[in-house]
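# Architecture and fold: a report
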Amino acid sequence: MGDRPQALTGLADSPAGLAAFMLNHDAASLALISRAFAGQEGGLTREDVLDNITHFWLTNTGVSSARLYWENKFPFFSRHGVSIPVAVSVFPDELYQAPRSWAEQAYPNLIHYNRLDIGCHFAAWEQPKLYTEEVRAGFRSLR
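Reference entry: report on the structure contained in this document.

Definitions and cut-offs
Residues numbered from 1 in each chain as written. Predicted model: local features only at pLDDT ≥ 70, side-chain atom pairs only at ≥ 80, totals over all residues. Heavy atoms only, no water. Helix = DSSP H or I, 4+ residues; strand = E, 2+ residues; numbered from the N terminus. Buried < 20%, exposed > 50% of the residue type's maximum accessible area, 1.4 Å probe, protein only. Contact = heavy atoms within 4.5 Å. Pairing = 2+ DSSP bridges. Right-handed = clockwise from strand over helix to strand, strands pointing away. Core = buried A, V, L, I, M, F, W, Y, C linked by side-chain atoms within 4.5 Å. Salt bridge = Lys/Arg side-chain N within 4 Å of Asp/Glu carboxyl O. Polar contact = N/O pair within 3.5 Å; in protein donor to acceptor, adjacent residues only side chain to side chain.

### Details of the overall build of the protein chain
Looking only at helices and strands, one finds eight helices and two strands in the protein chain. Counting from the amino terminus, helix and strand elements in the protein chain follow one another as α-α-α-α-α-β-α-β-α-α. Looking at the protein chain as a whole, 28% of its 143 residues qualify as buried. Looking at the protein chain alone, contacts between residues at least 24 apart form 64% of all its contacts between residues at least 6 apart.

### Here we look at the pairing of strand E2 (residues 110-115)
Consecutive side chains of a regular strand alternate in pointing toward one face of the sheet and then the other. Here strand E1 (residues 86-90) runs beside E2; their pairing, made up of five bridges, is parallel. Residue Val88 lies in a different strand from E2, and its bridge partner there is Tyr113. On the question of chirality, the crossover connecting E1 to the parallel E2 by way of helix H6 (residues 100-106) is right-handed.

### Notes on the nonpolar core
Counting residues in each nonpolar core, the largest one holds 13 residues, and the members touching the most others are Leu18, Met22, Leu44, Val49 and Ile53. Contributions of two or more residues to this core are made by helix H2 (15-23), helix H3 (27-37) and helix H4 (46-59). Discounting chain neighbours no more than four positions away, the residues touching Leu44 are Leu32, Ile33, Ala36, Val49, Trp125 and Glu126. Core analysis: the next-biggest nonpolar cluster, separate from the first, contains ten residues, Val90, Ala106, Tyr107 and Leu110 among them.

### Description of the side chain of Asn52
Of note, Asn52 is situated in helix H4. Beyond its immediate chain neighbours, meaning those up to four positions away, Asn52 contacts Met22 and Trp125.

### Quick look at the pattern of salt bridges
Under the counting rule described, the total for this entry stands at three salt bridges. Residue Arg35 pairs with Glu126 through a salt bridge whose shortest N-O separation is 3.2 Å. Linking Arg35 in helix H3 with Glu126 in helix H7 (residues 123-126), this pair joins segments that are 91 residues apart in sequence. Assessed through its relative accessible area of 28%, Arg35 is described here as partly exposed. Looking at Glu126, the relative accessible area reads 9%, which means it is buried.

### Remarks on the environment of Gly138
Within the secondary structure layout, Gly138 lies in helix H8 (residues 128-139). Setting aside residues no more than four positions away along its own chain, Gly138 makes contact with Ala87, Ile111 and His112.

### Topic: the environment of Ser14
Mapped onto the secondary structure, Ser14 falls in the loop between helix H1 (10-13) and H2. Between the C-alpha atoms of Ser14 and Trp57, which are 43 residues apart in sequence, the distance is 8.6 Å. Separated by 2.9 Å, the side chain of Ser14 and the backbone nitrogen of Gly17 make a polar contact.

Below is the structure:
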């Protein structure tokens, strides 16, 4: 995705290809999604997974969603010096968990930082209520 996202045409040509990519594009995501199909409680359901794949298929956005990885050329933890208000929520199963010390240096106007007990790289999808609460808490001071 980071080198040639437009080469991922299989994501637009085949719903089975799109599903295979979305289900198994990294080991952590596969483990999370597999829980839903193994009947384990918590997190995603089978319907959530199928709804998400269907959403990408019907809107034909599999390839365009991969462009973010190509367009972002910055290392993940490079300092950005962003001056606008920033809120950071750290989910325990996220691929990269930003330490508070880094967040404070990268975002001089850090207005909210919180480490959560549950959630992953797909927190808005897996834990929508918790994610929404974090967004609200993060920007409450700007009201």
